[in-house]
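Listed here are the chains, written in short residue letters.
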Amino acid sequence: MKIVRISEHIWACKIWLVIPITVWIVKSEQGLSLVDTGISLMAGGLLKQMQQMDAPLERILLTHGHSDHVGSIKKIRQQLHVPVFAHAEEIPYMEGKLPYPRRSKAEASVDIGLVQPLADSSESNASFHAEQASDSGTGQEARSGDMHALDIIGGLTPYLTPGHSPGHVAYYHQEDNVLLAGDLFTANRGKLKKPMAMFTGDMQQAIESSSIIEQLKPKVLSVCHGGEVYSPYEQYEAFRLAFK
């Protein structure tokens, strides 16, 4: 496993297995948050890296519930019994109660009751961010839930960014100005690309959710499949127009 420190508080943990897979360790004053867990082969390397960081693992945060993002949960929690969080909208799909969009049957990727919903104490956030997106002049129509900021956890602000999956979340580290975007995008040699079509439930909604780049203007965008994109806002307009 390759470990790359992409900002003051964030380490990207990468392997290549047919496609690149990246998860993230985020350090705060209280301890560590692991954002996604990758595939089961990554568990040993992740545990070793976290043990070297002289801080306790406090939680696992999931961008969504696909198998290449939750694969190491069981092995990690056998040694570190920490809570696991995802968006409430995502949990029924992860638990196998509902089939993911465009899939013929429901399949559980986690045990029922394991994953807790991310806290959301501001019901007004969704409408606020929808109005903000409208005021940005992109011409895009914000759907209900897009750009919805949830409660800060471990120094990260979760944003609901549906499309790739119904409850997909991107995590924003404001101090470092880094967006951990899961499968909201892919990237190739530092260029923004759309998410993988065969695994994306609603591509149009995913493209609409990509407007989070316009709202936050992160210095660094890191994705699961493809690594880092620097100053992604400079590419955003061309990206949006390509898939309009």
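Quantities reported herein were computed from a predicted structural model and do not represent experimental measurements. (Residues numbered from 1 in each chain as written. Predicted model: local features only at pLDDT ≥ 70, side-chain atom pairs only at ≥ 80, totals over all residues. Heavy atoms only, no water.)

## Comments concerning the overall build of the chain
Consideration 1: Assigned secondary structure in the chain consists of eight helices and 15 strands.
Consideration 2: Residues counted as buried form 56% of the 244 residues belonging to the chain.
Consideration 3: For the chain, the computed accessible surface area is about 11,200 Å², with 49% contributed by carbon and sulfur atoms. (Helix = DSSP H or I, 4+ residues; strand = E, 2+ residues; numbered from the N terminus. Buried < 20%, exposed > 50% of the residue type's maximum accessible area, 1.4 Å probe, protein only. Areas by Shrake-Rupley, 256 points an atom, 1.4 Å probe, with all protein chains shown as cover.)

## Looking at the sheet that holds strand S8 (residues 148-149)
Consideration 1: Spatially, S8-S9-S10-S11-S14-S15 is the arrangement adopted by the six strands of the open sheet, whose pairing is mixed. Pairing within the sheet leaves two strands with one partner each, and these edge strands are S8 and strand S15 (227-230).
Consideration 2: Where strand S11 (residues 178-180) meets strand S14 (residues 220-223), three bridges bridge the pair, whose relative direction is parallel. Considered in S14, the bridge of leucine 179 is made with leucine 221. (Pairing = 2+ DSSP bridges.)

## A closer look at the sheet that holds strand S5 (residues 57-61)
Consideration 1: In spatial order, the strands read S1-S2-S3-S4-S5-S6-S7; together these seven strands make up an open sheet with mixed pairing. The open sheet has two edge strands, strand S1 (2-5) and strand S7 (115-117), and neither has a second partner. The average angle at which neighbouring strand axes cross in this sheet is 30°, direction not considered.
Consideration 2: Alignment of S1 against strand S2 (residues 10-17), held across four bridges, turns out to be antiparallel. Its bridge partner lying in S2, lysine 2 is registered against lysine 14. (Axes fitted to C-alpha atoms, helices over the stretch in contact; angles between N-to-C directions.)

## Describing the pattern of salt bridges
Close approach of charged atoms allows side chains with opposite charge to pair.
Consideration 1: For the structure on display, the rule yields three salt bridges.
Consideration 2: The salt bridge involving lysine 97 is made with glutamate 95; its shortest N-O contact spans 3.1 Å.
Consideration 3: Given a relative accessible area of 9%, glutamate 95 falls into the buried group.
Consideration 4: Close ionic contact of arginine 240 with glutamate 237 constitutes a salt bridge, the shortest N to O distance being 2.8 Å. Of this pair, arginine 240 and glutamate 237 both sit in helix H8 (residues 233-242), three residues apart, which is roughly one turn of that helix.
Consideration 5: Residue classification places arginine 240 among the buried positions, given a relative accessible area of 7%.
Consideration 6: Using a relative accessible area of 37% as the deciding quantity, one classes glutamate 237 as partly exposed. (Salt bridge = Lys/Arg side-chain N within 4 Å of Asp/Glu carboxyl O.)

## Remarks on the confidence of the model for the chain
Should the pLDDT be low somewhere, the predicted coordinates at that spot are not to be read in detail.
Consideration 1: With 89% of its residues at a pLDDT of 70 or more, the chain has an overall mean of 90.
Consideration 2: Below a pLDDT of 50 lies the segment residues 124-146, which in the model reaches 33 contacts outside its immediate sequence neighbourhood of four places, other chains included. (pLDDT = per-residue confidence, 0-100. Contact = heavy atoms within 4.5 Å.)

## Observations regarding helix H1 (residues 43-51)
Consideration 1: Burial in H1 covers these residues: Ala43, Leu46, Leu47, Gln49 and Met50. Taken down its axis, H1 places every buried residue within 165° of arc, on the same side. Across from the buried face of H1, at angles greater than 90 degrees, the exposed residues are Lys48 and Gln51.
Consideration 2: Where the residues of H1 are buried, they touch S1, S2, strand S3 (19-27), strand S4 (32-35), S5 and helix H3 (73-79). (Arc of directions from axis to C-beta.)

## Focus on the environment of tryptophan 24
Consideration 1: Note that tryptophan 24 resides in strand S3.
Consideration 2: Here tryptophan 24 falls in the buried class, since its relative accessible area comes to 0%.
Consideration 3: A distance of 2.8 Å separates the side chain of tryptophan 24 from the side chain of serine 222, its partner in a polar contact. (Polar contact = N/O pair within 3.5 Å; in protein donor to acceptor, adjacent residues only side chain to side chain.)

## A look at H8
Consideration 1: Along H8, the positions that sit buried rather than exposed are Gln235, Tyr236, Phe239 and Arg240. The arc enclosing the buried residues of H8, seen along the axis, measures out at 135°, which places them on a common side. Along H8, the residues that are exposed and aim more than 90 degrees away from the buried face are Glu234 and Ala238.

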